[in-house]
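Coordinate analysis (summary)
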Amino acid sequence: MFLREVVTGQRTAQPVRYAQIVESFRDDAGISRHRVLLSLGRVDRLDRDQVRRLVVGLSRYLETGTVPEGGRIGEVRDFGVAYLADALWQRLKLPRFFRRALKARKYEAPVERALFAMVTHRLVDPASKRACAEWIEQDAWLPGTQGLQLQHLYRAMDFLDDCHEELEATLYAHRRTLFDRVELVYYDTTSTYFECDDPGDEPAQYGLRQRGYSRDLRPDRRQIVLGLAVDQNGLPIASDVYSGDTNDALTVVPMLTRLRAMGLARVVWVADRGMASETNRAAVRAANLHYVVGMRLRAAEDLRAAITADTSPYHRVEDGLQVKEVRHDGRRFVVCFSPASAERDLKLRTGAIDRMRLVLERVNAGADAAAVTEHGLYRRLVSRDEDGRFHLDKSKLEREAQCDGTFVLEVSDDTLSAAQAAVAYKGLLRVEQSFRVLKNGVELRTMFHRLDARIRAHTTLCLLAYFLERIVELETQLPFETLRKQLARVRAVELTFEKQTVWETSGLAPELKAALTKLKVPPPPRVLAPGRP
């Protein structure tokens, strides 16, 4: 495409020049020809303002990002992350869900857009809801969010708490057509504490904020307990928030009830040793589900003896892991052994024993016995004579050596092979990874809420943000953080030339274009709108 001038009237000695924009092409016979795309008219009568507007319009499609002469750049707003988040939000049909759910509730505020804005804010720059309202107003390009205020965000959170379970059930039903059907359900709990000041006695509506066992090593802070079930892809299925003093094992039955209500029938529930009480196993069986749960081998004398007496060979699975099946007391167990882990356990215990000998000498010489009795490992390996002196117990050392590199699973499903059970249990790392992203990525903490409904809604917002992150990772096979950095460079830019104002998007890096292709998301348009969304 090029600019061409055509001269007429030369024979009459009154030549007239015309300006044209012309394109070269080849016809059906392969002959090169020209065709006029636009005639600008006589050169001596050109409307120069019209030409300037044309230049501005064409410059929008330049990848260089240069501004035409006389142009001015105005606001620059966050766009890339929001653009991708909105595409996934639409794919999951969340606007349709919220419109349907809102029909039964009297809400006049733009709830769906408020929820989308808060979820996107977790992906861009997670902070308080007040900071989110400022971000929407001052920094973000989010269509349909003009006029959103802090009060609208809070009202949207109250609505989200009302429809939390319905939302999770809808997302699960929808994604069964997008990803593999759920076969394994990984469930675990974590705790997260509050940074805000402790007012002392909490009112009834602050009932979730309690003190309890803190995985974050902050027993001085009130906390909540979060139970999360994810599938084999690490996608959240269901979640519940419990008061901070809730025993983890007490969360299992409520979660299983939820999963059954969502239609999960042929699943295997995978949980670690902390969830393996007989009450929980019975609840799983009563729900007609199967389980793979870790066992406390050191505390199971009979089981450990049965495993030691069993002479059947191990079978190699992966990464050096070996497995075999042992039947004991009418129950099926899968014994998993890793030579590398056994070597590491032996090395750690040998070092601990060397340190322990020095401690025992000092204690037996009159030092405080708490140095032994309050140390978990020392207490497991030491006995006390009738005269009160401590010594290493040979039988306890032999028992500890039997556990080197070994973990044991109870498996209720006979159709699940020992190797499949071992691989399934190792998949518990997925829920642990989910907790890490929730705490350190979308930043479940710091939490600025006191009301129970707002605490639950905040947790749901964080889980929705993580859900979108995980979809991106599954479909692109890239860490979301890598793409987030690239998306953050895609901005909506206000460009003014004379009296004309448009919003344009900055260019995409090749890697980002490739990722969007994998996600089946088209590149953002070069020109967004003549004004703010």
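Definitions and cut-offs
Residues numbered from 1 in each chain as written. Predicted model: local features only at pLDDT ≥ 70, side-chain atom pairs only at ≥ 80, totals over all residues. Heavy atoms only, no water. Helix = DSSP H or I, 4+ residues; strand = E, 2+ residues; numbered from the N terminus. Buried < 20%, exposed > 50% of the residue type's maximum accessible area, 1.4 Å probe, protein only. Areas by Shrake-Rupley, 256 points an atom, 1.4 Å probe, with all protein chains shown as cover. Patch = residues over 30% accessible without salt bridge, like charges linked within 9 Å, V, L, I, M, F, W, Y side chains within 5 Å. Salt bridge = Lys/Arg side-chain N within 4 Å of Asp/Glu carboxyl O. Lys, Arg positive; Asp, Glu negative; His and termini not counted. Charge placed at Lys NZ, Arg CZ, Asp CG, Glu CD. Arc of directions from axis to C-beta. Contact = heavy atoms within 4.5 Å. Pairing = 2+ DSSP bridges. Axes fitted to C-alpha atoms, helices over the stretch in contact; angles between N-to-C directions. Phe/Tyr/Trp six-rings, centres within 6.5 Å; stacked < 30°, edge-to-face > 60°. Lys NZ or Arg CZ within 6 Å of the ring centre and 35° of its normal. Polar contact = N/O pair within 3.5 Å; in protein donor to acceptor, adjacent residues only side chain to side chain. Right-handed = clockwise from strand over helix to strand, strands pointing away. Core = buried A, V, L, I, M, F, W, Y, C linked by side-chain atoms within 4.5 Å. Parallel < 35°, antiparallel > 145°, perpendicular 65-115°, else oblique. Nonpolar A, V, L, I, M, F, W, Y, C, P; charged D, E, K, R; others polar.

Comments concerning the overall build of the protein chain
Helix and strand counts for the protein chain come out as 19 helices and 18 strands. Within the protein chain, the proportion of its 533 residues that are buried is 46%. Here the protein chain has roughly 27,500 Å² of accessible surface; of this, 50% comes from carbon and sulfur atoms.

What to know about a positive patch on the surface
Where like charges cluster on the molecular surface, the positive patch consists of Lys93, Arg96, Arg99, Arg100 and Lys103. Looking at where arginine 96 falls in the secondary structure, it is placed in helix α3 (residues 94–103).

Observations regarding α3
Every buried residue belonging to α3 is among Leu94, Pro95, Phe97, Phe98, Ala101 and Leu102, and all of these are buried. One side of α3 holds all its buried residues, which, seen down the axis, span an arc of 160°. When the buried face of α3 is taken as reference, the exposed residues oriented beyond 90 degrees from it are Arg99 and Lys103. Buried positions along α3 lie against α2 (80–91), α4 (111–124), α6 (150–162) and α7 (164–175).

Some points on the sheet that holds strand β9 (residues 290–294)
Ordered in space as β7-β6-β5-β8-β9-β15-β12-β11-β10, the nine strands form an open sheet in which the pairing is mixed. Single-partner strands in this sheet number two, and they are β7 (236–243) and β10 (315–316). Pairing between strand β8 (residues 268–271) and β9: four bridges, direction parallel. Within β9, the residue paired with tryptophan 269 across the bridge is tyrosine 291. Packing of helix α10 (residues 301–309) onto the sheet brings it into contact with β11 (322–328), β12 (331–337) and β15 (406–411), and relative to β11 it is tilted by some 120°.

Describing the packing of aromatic side chains
Aromatic ring pairs are reported here in terms of the distance separating the ring centres and the angle at which the planes meet. This structure, assessed with the given rule, holds eight aromatic pairs. Aromatic ring contacts, followed pair by pair, group Trp89, Phe97, Phe98, Phe116 and Phe159 into a single cluster. Of note, arginine 218 hangs over the ring of tyrosine 193, and the distance from its end group to the ring centre comes to 5.2 Å. Sitting over the ring of tyrosine 314, lysine 324 keeps its end group 4.8 Å from the ring centre.

Examining the side chain of aspartate 231
Its place among the elements puts aspartate 231 in the loop between β6 (223–230) and β7. The class of aspartate 231 is buried, set by a relative accessible area of 1%. A polar contact is formed between the side chain of aspartate 231 and the backbone nitrogen of leucine 235, at a distance of 2.9 Å.

A word on a negative patch on the surface
Together, Asp125, Glu134, Asp139 and Glu443 line one region of the surface with negative charge. Topologically, glutamate 134 is positioned in helix α5 (residues 129–138).

A look at helix α18 (residues 480–488)
Listed in full, the buried residues belonging to α18 are Phe480, Leu483, Gln486 and Leu487. Summarising the axial view, the buried residues of α18 lie within an arc of 125°, below the 170-degree limit, and thus occupy one face. The inward-facing, buried residues of α18 abut α2, α4, α17 (452–476) and α19 (510–518).

Topic: the pattern of salt bridges
Enumeration over the complete set of coordinates arrives at 25 salt bridges. Among the ionic pairs, arginine 470 bridges to glutamate 473, the shortest N-O distance being 3.1 Å. In this pair, arginine 470 and glutamate 473 both sit in helix α17, three residues apart, roughly one turn of the helix. Bridged by salt links that share partners, the residues Glu278, Arg281, Arg285, Arg331 and Glu410 form one connected network.

Quick notes on the pairing of β8
Here β8 shows no split at all, with Val268 and Val270 on one side and Trp269 and Ala271 on the other all buried. Where strand β5 (residues 184–193) and β8 come together, three bridges link them in parallel fashion. Following the sheet pairing, tyrosine 186 is matched in β8 by valine 270. The handedness of the β8 to β9 crossover, carried by helix α9 (residues 278–286), is right-handed.

Digging into the nonpolar core
Core analysis: the largest hydrophobic core is formed by 96 residues, its most contacted members being Phe98, Leu115, Val270, Val292 and Leu438. Take this core: its biggest share by element is 13 residues, from α17. The next biggest cluster of nonpolar side chains, apart from the first, holds 33 residues, and it includes Tyr187, Met262, Val284 and Val293.

Examining the environment of leucine 463
Mapping leucine 463 onto the fold places it in helix α17. Along the sequence, leucine 463 and valine 119 sit 344 residues apart, while their C-alpha atoms lie 8.8 Å from each other. Excluding its chain neighbours within four sequence positions, the residues that come into contact with leucine 463 are Glu168, Leu228, Pro236, Ser239 and Leu438.

A look at the side chain of threonine 251
With respect to the secondary-structure elements, threonine 251 resides in the loop between β7 and α8 (252–261). Here aspartate 248 takes part through its backbone oxygen, which lies 2.7 Å from a polar atom of the side chain of threonine 251. For threonine 251, the residues in contact, after removing those within four places along its chain, are Tyr187, Thr189, Tyr242, Thr246 and Met275.

Points about the packing of α6 against α17
At a closest axis distance of 8 Å, the pairing of α6 and α17 adopts a crossing angle of 85°. Here α6 is positioned roughly perpendicular relative to α17, judged by the angle of their axes. Contacts from Tyr154, Met157, Asp158, Leu160 and Asp161 in α6 reach Ala453, Arg454, Arg456, Ala457, His458, Thr460 and Leu461 in α17. Residue composition of the contact of α6 with α17, grouped by class: six nonpolar, two polar and four charged.

With respect to the pairing of β11
In this structure, β10 lies alongside β11, joined through two bridges in antiparallel fashion. Bridged to histidine 315 within β11 is valine 323. Connecting β10 to the antiparallel partner β11 that follows it, the hairpin turn spans five residues, and aspartate 319 within it adopts a positive phi of roughly 50°. Note: β11 against β12, seven bridges, orientation antiparallel. Bridging across to β12, arginine 327 finds its partner in arginine 332. Here β11 folds back onto β12 in antiparallel fashion, the turn holding two residues, of which aspartate 329 has a positive phi close to 55°.

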